[in-house]
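Each chain is listed here by its residues.
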Amino acid sequence: MKQLQGDESVQSFIFRVLMLNGESDFAGVLNRMGEWRAFPFVATMHSHLFRHYDPEYLLSVLQRSAIANPVAGMFSNPLSHFELVPTVFRNGVENYSQQTQNNFLKVNFCVDCIADDLKNCGFGFFRAEWLNQKYCHHHKKALFNLTGKSQSVAASNIQKALRGEIPTKCEQYDCYGDQTSLGTDVVENDVKFAPCLQKRLLHWLRKNCMQLEGETNDTERITSILMKKTGMYAQVDEVQLENVCNIVKDNHPNVFKAFVNEQSEEIYTSFKLDSHLFKNKLKVIKERNCSICKLHREGYQCSESKIISVAMKETNYKLLHENPCDYYLTNKRPYWNDYPLGGSNAIKDEVWSVFNKIKEVN
Ligand SMILES: [Zn+2]
Ligand SMILES: [Zn+2]
């Protein structure tokens, strides 16, 4: 008997599953004051209760609660947001930073919505939109708030609210049609560029950008990022490279697109949770000489080890820290941050030769 709701918050979902299984420890969803945790977690001892839910469903519950949306930035890891699924539902609190743990949200609800849900689906639940709202747009009335008590009082009040009651000492907000911003800027899931493509892009931009005509301002901005005053190439970090790309994209969308299409192809890269593969697109270097991208194609990032596990029978595969793709996935920051782009820091030949050997074996 799975009770799934298309607009339930993750806090409500975890609370209900624990409650339906007779658990009474709600510390993973409520703080000591009885507020929702903005980043809730399931204690390791309860994680088995969530294992039979479809991982894609768990991801969608998180995303509608403003957790686990794709990370912004054209070079960011296209798989990192999938990690939130095991972080929330498997690994317990130790995966969160202290700062993240200290984000809380009011426990708000519309008593009429819950009454409707009890009538229509036989059970009540807290909607994701109430996490950041004080007003119900369906019923045109202010929400109730049951925050500000202890965790155990909140837990029993939440159970009352789920039964359609208004717990005593609940306050109704004093607002009319409040349009509180949801604060859930959805990051567009645009296709990311693999770290190995950054170098290609930078070379191309250095060679061609001076010839690309555009607003004088833009040309100057590009030059100031890519060149030193002495006329030498400047070292460029990921953010600067993205800025330059965006300027070129705006001024010469077709030229930029043509270069990207010529140099790269889109593949699916995967994040593995149990037997499920979460997939996302990634632009990688087209030619076969990026063996790393080949491994991305045929392997996956794993929720257990957090490194790329290679699905193909690859016993020779070694994690190389000089390798930009792997560096990103294991260190959570771009290779170029630690080894800035520049002539002497180009990828070493012996690194490529190792991967070319692997290619030959296959
Ligand atoms: Zn309502
Ligand atoms: Zn690559």
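Presented here is a report on the structure given in the accompanying data block.

Calculation rules
Residues numbered from 1 in each chain as written. Chains lettered and ligands numbered in written order. Predicted model: local features only at pLDDT ≥ 70, side-chain atom pairs only at ≥ 80, totals over all residues. Heavy atoms only, no water. Buried < 20%, exposed > 50% of the residue type's maximum accessible area, 1.4 Å probe, protein only. Helix = DSSP H or I, 4+ residues; strand = E, 2+ residues; numbered from the N terminus. Contact = heavy atoms within 4.5 Å. Donors = N, O, S within 2.8 Å, 3.2 Å for Na, K, Ca; no water. Tetrahedral: all angles 85-135°; square planar, octahedral: opposite > 155°, others 65-115°. Pairing = 2+ DSSP bridges. Core = buried A, V, L, I, M, F, W, Y, C linked by side-chain atoms within 4.5 Å. Domains from an automatic or database assignment.

## Quick word on helix H1 (residues 10–20)
Burial within H1 is extensive, with 9 of its 11 residues counted as buried. Among all positions of H1, only Val10, Gln11, Ser12, Phe13, Ile14, Phe15, Arg16, Val17 and Leu18 are buried. Elements in contact with the buried residues of H1: strand E1 (36–37), helix H2 (55–64), helix H3 (84–89), strand E2 (104–105) and helix H6 (151–162). Following H1 by one or two positions, glycine 22 adopts a phi angle in the positive range, close to 75°.

## What to know about the coordination of the zinc ion (ligand 1)
At this site the zinc ion (ligand 1) is bound by Cys110 (SG), Cys113 (SG), Cys136 (SG) and His139 (ND1), with donor distances of 2.1 to 2.3 Å. Each of the 4 donor atoms bound to the zinc ion (ligand 1) contributes to angles spanning 105 to 115°, and the resulting shape is tetrahedral. Cysteine 113 sits in the buried class, given a relative accessible area of 3%.

## So, the sheet that holds strand E6 (residues 144–145)
Strand order in the open sheet formed by 3 strands is E3-E6-E7, with antiparallel pairing between adjacent strands. Strand pairing shows two members of the sheet lacking a second neighbour, strand E3 (108–109) and strand E7 (171–172), which therefore form its edges. Bridging between E6 and E7 involves 2 bridges; their strand directions are antiparallel. Paired with phenylalanine 144 across the two strands is glutamine 172, which belongs to E7.

## Let's talk about the nonpolar core
If you look at the biggest cluster of nonpolar residues, it comprises 54 residues, and the most contacted ones within it are Phe13, Ile14, Leu30, Trp36, Phe89 and Phe109. Put simply, the parts of the chain that give this core at least two residues each are H1, H2, H3, helix H5 (111–121), strand E4 (135–136), H6 and strand E9 (264–273). Top element by residues in this core is H1. It accounts for 6 residues. Formed jointly, this core draws a minimum of three residues from each of two domains, domain 1 (10–172) and domain 2 (191–362). Apart from the residues lying within four places of it in its own chain, the contact partners of phenylalanine 109 are Ile114, Phe126, Trp130, Leu143, Phe144, Leu146, Ala161, Glu165, Pro167 and Cys170. Of all hydrophobic cores here, the second largest spans 28 residues; its members include Phe193, Cys196, Ile222 and Val236.

Read these as spatial facts, not as claims about activity.
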